[in-house]
Amino acid sequence: MHGKRIVLCASRKLEEMTALIEKQGGIAIVRPAQGTIFSKEGELEDEIRAVIAMRPDWFIFTTGIGVETLLEAAERGKVKEEFVRTIQHANVAVRGYKTIAALKKIGVAPVAASDDGTTKGLIRSLRMHSFADKRVIIQLHGDTAPTLKQFLKENGAACTELLPYRHVAPDSDILEKLYEEVTRGEVDAVCFTAAMQVRFLFSFVKEQKDIELFRRALNEQVIACAVGKVTAEALQEEGITRIVAPELERMGAMIVTLSQYFERQS
């Protein structure tokens, strides 16, 4: 990684990742693409009450922390028992082992689950079920899950989203700077640690810049590096075909895997 310029799109654990990059001889460039996260206290409690009144046919949970945040909000709103009963009386689908563990605590076992922790895996598990005229609640956390929502819409579901947090887009000046660095070949790799970073960056480029030029730069010049399967999947959905990702889904492992990739290329 000697002399390589590595962009970090994360907003946390930056010191640790920077130290790892520098230890490998690289240069870390911080370009947060995650935005700010705000709790939706009060507003979220009202949304949960509306869900309880709706009596949905399905719940689709995508993150363990999202499940826990919803349960905490229900408890604050003094409707936790009703909310848990509502979930228990519905069909439940999940993505990720942390999500399964969070639901197990309230006695809920999914009828469908992703076999590999990705949204594509989740959709595969849902294909055997009918969603015509079904009321479906989708818990999202950062990633907007466009392919999941499209699948449900095409199969006749009426979907309602539950977002435990409100995400505000990152500074557009930072995204513009990153776009210029990538398209001009001024950086060697861009590291994404969450699907949300991919969504924000690509949404900005589609609206403000040349998306085809950006995709081509990432597919031919600059390496896109993902922390794990879900983030890699978000990149694939945006048309990125050359992605480096570690087997162990950790930030440290991502940096090491990227360093090994450069070693093989030299």
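What counts and what doesn't
Residues numbered from 1 in each chain as written. Predicted model: local features only at pLDDT ≥ 70, side-chain atom pairs only at ≥ 80, totals over all residues. Heavy atoms only, no water. Helix = DSSP H or I, 4+ residues; strand = E, 2+ residues; numbered from the N terminus. Rg over C-alpha atoms; globule rule 2.2 N^0.38 Å. Buried < 20%, exposed > 50% of the residue type's maximum accessible area, 1.4 Å probe, protein only. Contact = heavy atoms within 4.5 Å. Lys, Arg positive; Asp, Glu negative; His and termini not counted. Charge placed at Lys NZ, Arg CZ, Asp CG, Glu CD. Pairing = 2+ DSSP bridges. Axes fitted to C-alpha atoms, helices over the stretch in contact; angles between N-to-C directions.

Caption draft 1: Region of interest: the overall build of the chain. When you go through the chain residue by residue, the secondary structure sums to 12 helices and 12 strands. Its C-alpha atoms give the chain a radius of gyration of 20 Å, within 12% of the compact-globule value 18 Å for 266 residues. With respect to the principal axes defined by its C-alpha atoms, the chain has extents near 55 × 35 × 35 Å. In the chain, which comprises 266 residues, the share counted as buried stands at 49%. Within the chain, counting contacts between residues at least 6 apart in sequence, those at least 24 apart form 66% of the total. Of note, the chain has its 36 positive side-chain charges centred 3 Å away from the centre of its 37 negative side-chain charges.

Caption draft 2: Inspection of unusual backbone geometry at higher detail. The backbone phi angle of Arg-55 is positive, close to 50°, even though this residue is not glycine. Looking at the element boundaries, Arg-55 is found in the loop between helix H2 (43–54) and strand S4 (58–61). Of note in the backbone geometry, Asp-133 takes a positive phi value of approximately 60° without being a glycine. Locating Asp-133 in the fold gives a position in the loop between helix H6 (119–126) and strand S7 (135–139).

Caption draft 3: Highlighting the environment of Gly-252. Here Gly-252 shows up in helix H12 (residues 251–265). Exposure remark for Gly-252: the relative accessible area of 29% places this residue in the partly exposed category. Along the primary structure Gly-252 and Arg-135 are separated by 117 residues, whereas in three dimensions their C-alpha atoms are 41 Å apart.

Caption draft 4: Broad picture of the sheet that holds S7. Reading across from one edge, S6-S5-S4-S7-S8 is the order of the 5 strands in this open sheet, with parallel pairing throughout. Edge positions in the open sheet fall to strand S6 (112–113) and strand S8 (158–162), since each of these has one partner strand only. Where S4 and S7 come together, 4 bridges link them in parallel fashion. In the strand pairing of S7, Ile-60 is matched with Ile-138. In the packing of H2 onto the sheet, contacts are made with S4, S7 and S8, and the angle to S8 comes to roughly 150°. Most of the contacts of helix H5 (residues 97–104) go to strand S5 (residues 91–94), to which it runs at about 145°, and overall it touches S4, S5 and S6.

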